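What follows is the residue order along each chain.
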Amino acid sequence: KDARVQEAGCEVISKLALLEELQDAIHVKGVIARICHALKTYESDQGIQRKGCRALANIAEYDSSRIEIRTQGGITCVVNSMRYHVAHPEVGEQGCAALANLALNDQNRVEIAKSEGVKAVLAGLRQHQNHPGIQAYGLGALGNLAVEEENCQVILQAGGAPMGMPAK
């Protein structure tokens with residue numbers, strides 16, 4: 001229940017999640033639900049938000065986990081983290097990485113748009129124009145979301161077209 005313990009736990013999970021052979025254990029042990037709980041409980045804690053988003057981003061590298069993250073409320077947790085901590089590029093970077101990976105699933109693309117994930121990504125891109133991590137992951141997220149034609153309209157209406165333009 002201690003914030004630093006929660007942060008350290010998210011950090012450990014973010015590392016373990018990179019190992020494909022541990023994906024079944026992540027599901028069986030309810031790790032995704034625990035990360036979402038930590039993100040909701042410690043909404044104002046920048047460290048937990050950054051490391052929790054990183055853990056979800058790494059878990060979402062695997063197709064089998066993307067659906068569970070959505071059903072456990074992970075998309076909403078990531079979007080809320082990005083909104084609450086828009087001034088912190090590290091949270092935005094990890095949030096964008098999570099959304100980029102989650103957007104590799106058809107249903108997740110729809111859910112991200114409904115959860116105002118596009119607006120959260122664009123806010124991070126605008127706020128941190130000189131941060132290469134958030135720029136790369138944010139544009140990656142927008143690109144993955146743009147696979148859905150309806151999301152293209154959402155991105156355009158939110159003013160996202162200039163974000164994808166190459167620098168002069």
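Above this text sits the structure in question.
This text gives an overview of the structure that appears in the document. Since the structure is predicted, the reported quantities are computational estimates derived from the model, not experimental observations. Counting restarts for each chain, with residues numbered from 1 along the sequence as it is written. Local features in this predicted model are restricted to residues whose pLDDT is 70 or higher, and side-chain atom pairs enter the listing and the counts only when it is 80 or higher, whereas totals over whole chains, interfaces and linings include all residues. The basis for every side-chain value is the complete set of non-hydrogen atoms in the structure, without hydrogens or water.

Attention shifts here to the overall build of the protein. Secondary structure counts use DSSP, requiring at least four H or I residues in a row for a helix and at least two E residues in a row for a strand, with both numbered from the N terminus. Regarding its fold elements, the protein presents 11 helices and zero strands. Listing every helix and strand of the protein by position from the N terminus yields α-α-α-α-α-α-α-α-α-α-α. On C-alpha atoms alone, the protein measures out to a radius of gyration of 15 Å, which is about the 15 Å that the 2.2 N^0.38 rule sets for 168 residues. Over its C-alpha atoms, taken along the principal directions, the protein stretches across nearly 45 × 30 × 25 Å. Computed by Shrake-Rupley with a 1.4 Å probe, the accessible areas treat only the displayed protein chains as cover when residues are assessed. For the protein, the exposed area adds up to about 8,400 Å²; of that, 52% sits on carbon and sulfur atoms. Taken over C-alpha atoms, the radius of gyration is set against a globule rule of 2.2 Å times the number of residues to the power 0.38.

A word on the pattern of salt bridges. When a carboxyl oxygen of Asp or Glu lies within 4 Å of a side-chain nitrogen of Lys or Arg, that pair is called a salt bridge. All chains considered together, the criterion is met by 10 salt bridges. Residue R66 pairs with D63 through a salt bridge whose shortest N-O separation is 3.2 Å. Placement of the pair is R66 and D63 together in helix 5 (residues 63-71), with a separation of three residues, close to one helical turn. Each residue is placed in one exposure class: buried if its accessible area under a 1.4 Å probe, protein chains only, is under 20% of its type's maximum, exposed if it is over 50%, and partly exposed if it falls in between. R66 gets classed as buried once you look at its relative accessible area, which sits at 8%. Between R109 and D106 there is a salt bridge, with the nearest N and O atoms lying 2.1 Å from each other.

Turning to helix 3 (residues 31-41), its buried residues number three or more, namely V31, I32, I35, C36, A38 and L39. One face of helix 3 carries all of its buried residues, which in axial projection span an arc of 160 degrees. Set apart from the buried face of helix 3 by more than 90 degrees, the exposed residues are R34, H37 and K40. Packed against the buried residues of helix 3 are helix 1 (3-16), helix 2 (23-28), helix 4 (46-59), helix 5 and helix 6 (74-84). Directions pointing from the helix axis toward each C-beta atom define the arc. Residue contacts are defined here by distance: any two heavy atoms, one from each residue, within 4.5 Å place the two residues in contact.

Looking now at unusual backbone geometry. Phi is positive for E116, close to 65 degrees, though the residue is something other than glycine. Its place among the elements puts E116 in the loop between helix 8 (106-114) and helix 9 (117-127).

Moving on to the side chain of S14. Residue position: S14 is located in helix 1. When sequence neighbours within four positions are dropped, the list of residues in contact with S14 reads K51, R54, A55 and N58.

Position of R126 among the secondary structure elements: in helix 9. Taking relative accessible area as the criterion, R126 reaches 37% and is therefore assigned partly exposed. Sequence separation between R126 and G160 is 34 residues, and the spatial gap between their C-alpha atoms is 9.7 Å.

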